[in-house]
Amino acid sequence: GPALRLATGTTVDLGSLGDIESDEPFSVGAWVQVTDNVDGALLSRTEVAHGYRGWDLSMKGSRAQLQIISTWNQDALRVIARGAVSSEGWHHVFVTYDGSRKAKGVRIYYDGRPQGVYEEVDSLRGSIRTKTPLRLNRRSTGEGAGGEALHDIRFYRRALTTPEVQVLARRIEI
């Protein structure tokens, strides 16, 4: 289908999309197809040269994570799903953030189902605004995840509800 598959080292620049501040709610995700144990950014507006400032939806050992960072790791959030995304087929991976600057304000969904999470870092206080554009498959530097495919990428300037995420994942009867 019309999915985007990016090789390691390849990125797509989406410009100013996702330009938010740490106290602003947002939701982001896509349909993804991943390889076993994929590691790296799926969608990132993170500036590595300035303490990793920004945010990213990434994979760590095939588990989705959301990082929201002013300065890593003293002024940041990192929330990681407990379970991995299967490498078989397509999966809707989506996260919501309520703007609270707290890890408890993050929800991670696979195929419309809320996931148990680890709140690994929970100390966000400062600004996350950066001039770095939103990128697919990579932070501002580095090789990126590689091997995954993305389709129907979405960004909202509010925290979607669970039923809204389920509609996007096509998991409820309409």
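Asks: Even after reading the chapter, I still don't get the pattern of salt bridges, so can you show me in this structure?
Replies: Oppositely charged side chains can pair when the atoms bearing their charge come close. Following the criterion strictly, the structure yields seven salt bridges and no others. Put simply, Arg 129 and Asp 19 hold a salt bridge, and the shortest N to O gap is 2.9 Å. Of this pair, Arg 129 sits in the loop between β11 (117-122) and β12 (135-136) while Asp 19 sits in the loop between β2 (12-13) and β3 (26-33); the two residues are 110 residues apart in sequence, bridging distant segments of the chain. In this structure, Arg 158 engages Glu 164 in a salt bridge whose closest nitrogen and oxygen atoms are separated by 2.8 Å. Given the relative accessible area of 40%, Arg 158 is considered partly exposed.

Asks: Explain the environment of Asp 23 here, please?
Replies: Considering the arrangement of structural elements, one finds Asp 23 in the loop between β2 and β3. What makes Asp 23 partly exposed here is its relative accessible area of 43%. Sequence spacing of Asp 23 and Gly 99 is 76 residues, and the spatial spacing of their C-alpha atoms is 4.2 Å. Those residues in contact with Asp 23 that sit more than four places away from it in its chain are Gly 99 and Arg 101.

Asks: Would you mind going over the side chain of Ser 44 with me for this structure?
Replies: Within the secondary structure, Ser 44 sits in strand β4 (residues 40-47). Judged by its relative accessible area of 1%, Ser 44 is buried. Polar side-chain contacts of Ser 44 include one of 3.1 Å to the side chain of Thr 46.

Asks: Help me understand the environment of Ser 87, please; the structure alone is not making it clear to me.
Replies: Tracing the sequence through the fold places Ser 87 in the loop between β7 (75-81) and β8 (91-97). The exposure class assigned to Ser 87 is partly exposed, which follows from its relative accessible area of 30%. In contact with Ser 87, not counting residues within four places along its chain, are Val 34, Thr 35 and Asp 36.

Asks: Any chance you could explain the pairing of β8 here in plain terms?
Replies: In terms of burial, β8 is largely enclosed, as seven of its seven residues are buried. Neither face of β8 is open: one carries His 91, Val 93, Val 95 and Tyr 97, the other His 92, Phe 94 and Thr 96, and all of them are buried. Bridge analysis of β3 against β8 gives seven bridges, and the strand direction is antiparallel. Across the sheet, Ser 27 pairs through a bridge with Thr 96, a residue of β8. Both β8 and strand β9 (residues 106-110) contribute to a ladder of five bridges, which runs antiparallel. Paired with Val 93 across the strands is Tyr 110, a residue of β9.

Asks: I keep staring at the confidence of the model for the chain and nothing clicks. Help me out?
Replies: Low pLDDT marks stretches whose predicted atomic positions should not be read closely. The pLDDT averaged across the chain works out to 89; a share of 87% of its residues lies at or above 70. Taken element by element, the predicted model of the chain shows its lowest mean pLDDT in strand β1 (residues 4-5) (70) and its highest in β9 (98).

Conventions used here
Residues numbered from 1 in each chain as written. Predicted model: local features only at pLDDT ≥ 70, side-chain atom pairs only at ≥ 80, totals over all residues. Heavy atoms only, no water. Salt bridge = Lys/Arg side-chain N within 4 Å of Asp/Glu carboxyl O. Helix = DSSP H or I, 4+ residues; strand = E, 2+ residues; numbered from the N terminus. Buried < 20%, exposed > 50% of the residue type's maximum accessible area, 1.4 Å probe, protein only. Contact = heavy atoms within 4.5 Å. Polar contact = N/O pair within 3.5 Å; in protein donor to acceptor, adjacent residues only side chain to side chain. Pairing = 2+ DSSP bridges. pLDDT = per-residue confidence, 0-100.

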